[in-house]
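This is what each chain is made of:
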Amino acid sequence: MLIAATFAIFIAMILAIVRGIVGPTLYDRILAVNMFGTKTVLLISLLGFVMGRPEFLDIAIVYALINFISVIGVLRYSDTNKFKHSSADKESLDKES
Amino acid sequence: MDMITNISGAVCLIIGSFLCISGGIGILRFPDFYTRMHAVGVTDTLGAGMILIGLMFYSPDFLTFSKLVMILLLTLLIGPTTSHVLAKSAMYNGLMPELKQKDNVKETN
Amino acid sequence: MKTHTISLFFTLATFWLLNSGHNTLLILLLGLASICLVIAIVHRMDVVDHESQPIHLTQNIFSYLLWLIKEVIHSNIIVIKHIWLGNKSISPTLRRIRVSQKTDMGKVIYANSINLTPGTVTIDLIDDEVVVHALLQKDIETLLAGEMDRRVSLLER
């Protein structure tokens, strides 16, 4: 059952990564990275139980904290100009591609 | 007794896996950024919670159990904070949500 | 101030004991030293008060948390149902909602509870109004009915 849950988390991570690659706006990508991080925490703790080493949980705690700090750190720069979302930009990008 | 904990742990893990995959489907399927955020909220609260509670049934000693509780509390604290920060910065940088009724936009501006 | 420091000390001691799991004298002394260092730093930062250690909420918070867990499970089921039903069934709504709490603590607890239940996200908190984005219009109507608001106000007293 633990292995089946691990594969389910893998599938959810793949879906999140697909949204991160496709994602039309910047915020979709940050959201996908955040979801990928929380799924990684679950994956690490599940893998610890699958391999019979519950010490992996320490790594999971640290990973949860790093994930939070990284998202906040990226969004700290959201008042700069590059984060501005406008539909005109998107149209020009569509024309280029 | 041993069998009861195993079975309840397995049931929690199955529910958690289903919720996580549903959240993954939701993040691909919903039309715009703000609605996708609700799909991530599902995997952050009950999906992660159910998987961690399922693991608590399998934990061999008290320290492992308490570390799982700690991860659960951290996840429950971090999830809402991150989604609020994301939504606020998206709103302030001019990404408006697609709404059902158009007259609501005027009220919030 | 003094009770807050004692509460902080016990929180940190529990955190250390649960995370290390070793009970030799050297490790325990190192733990005591690091707890004292953290308390000194935190006093210098001047953040030990009723906001970082909300012990005045302790007697009411457990019934509120039980109610919140029930609410989270309920709204999770609704959101999952609408994920599988598809895009036609959702009605995204943005709305300002007035909050009735007086203190900052109560407002933040209310906004965070809205955030924790899937299907509703607080986008902004200005003075005594929250801007809420909801997946369904029904969620907004539930919030406007004021069940959660009333319970947080009870918690605040």
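So, a few notes on the structure that sits alongside this text. Because the structure is a prediction, the values reported are computed rather than measured.

Let us now look at empty space enclosed by the protein. Overall, the coordinates contain 2 cavities of 30 Å³ or more when judged by the stated rule. The space that makes up the largest cavity amounts to roughly 150 Å³. Lining the largest cavity are 18 residues, and of these Met-37, Gly-41, Gly-79 and Ser-83 of chain B together with Asn-115 of chain C sit closest to its centre. When residues of the lining of the largest cavity are traced back to their parent elements, those giving at least two are α2 (26-50) of chain A, α2 (33-58) and α3 (62-92) of chain B together with α4 (104-116) and β2 (120-126) of chain C. The element that contributes the greatest number of residues to the lining of the largest cavity is α2 of chain B, accounting for 6 residues. Here the lining of the largest cavity is composed, by residue class, of 7 nonpolar, 10 polar and 1 charged. Each pocket or cavity is described by its volume, and for the second largest cavity that value is around 90 Å³. What lines the second largest cavity is Thr-38, Val-41, Leu-42, Ala-64 and Asn-67 of chain A together with Asp-44, Ala-48, Leu-74, Thr-75, Ile-78 and Gly-79 of chain B. The set of elements that each furnish at least two residues to the lining of the second largest cavity consists of α2 and α3 (56-75) of chain A together with α2 and α3 of chain B. Among the elements that make up the lining of the second largest cavity, the one with the highest residue count is α3 of chain B (4 residues). In the lining of the second largest cavity, the residues fall into 6 nonpolar, 4 polar and 1 charged.

Looking at the element boundaries, Arg-98 of chain C is found in strand β1 (residues 93-98). Discounting residues that sit within four places of it in the chain, Arg-98 of chain C has contacts with Asp-128, Glu-129 and Asp-149 of chain C.

The subject of this paragraph is the packing of aromatic side chains. Applying the stated criterion across every chain, the model contains 6 aromatic pairs over all chains. Ring plane angle 50 degrees and centroid distance 5.9 Å describe the contact between Tyr-27 of chain A and Phe-33 of chain B, whose orientation is recorded as tilted. Highlighted residues: Tyr-27 of chain A in helix α2 and Phe-33 of chain B in helix α2, drawn from two different chains. Comparing Tyr-27 of chain A with Phe-33 of chain B shows no difference in burial state: the two are buried. Considering the side-chain rings of Phe-33 of chain B and Tyr-34 of chain B, the 5.2 Å spacing of their centres and the 70 degrees angle between planes classify their relative orientation as edge-to-face. The residues Phe-33 of chain B and Tyr-34 of chain B share a single accessibility class, namely buried. Through a chain of ring-to-ring contacts, the aromatic side chains of Tyr-27 of chain A together with Phe-33 and Tyr-34 of chain B assemble into a single cluster.

With that settled, the discussion passes to the pairing of β2 of chain C. All names here are of chain C. Burial runs high along β2: 5 of the 7 residues are buried. Relative to strand β3 (residues 129-134), β2 runs antiparallel, the two being bridged by 6 bridges. For Thr-120, the partnering residue across the bridge sits in β3 and is Ala-134. As consecutive antiparallel partners, β2 and β3 are separated by 2 residues, and within that stretch Asp-127 has a phi angle of approximately 50 degrees, a positive value.

Conventions used here
Residues numbered from 1 in each chain as written. Chains lettered and ligands numbered in written order. Predicted model: local features only at pLDDT ≥ 70, side-chain atom pairs only at ≥ 80, totals over all residues. Heavy atoms only, no water. 1 Å grid on protein atoms, 1.4 Å probe; cavity = no way out; pocket = protein on both sides within 12 Å on 5 of 7 lines; lining within 4 Å. Points joined across faces, edges and corners; volume = space filled by probe spheres on them. Helix = DSSP H or I, 4+ residues; strand = E, 2+ residues; numbered from the N terminus. Nonpolar A, V, L, I, M, F, W, Y, C, P; charged D, E, K, R; others polar. Contact = heavy atoms within 4.5 Å. Phe/Tyr/Trp six-rings, centres within 6.5 Å; stacked < 30°, edge-to-face > 60°. Buried < 20%, exposed > 50% of the residue type's maximum accessible area, 1.4 Å probe, protein only. Pairing = 2+ DSSP bridges.

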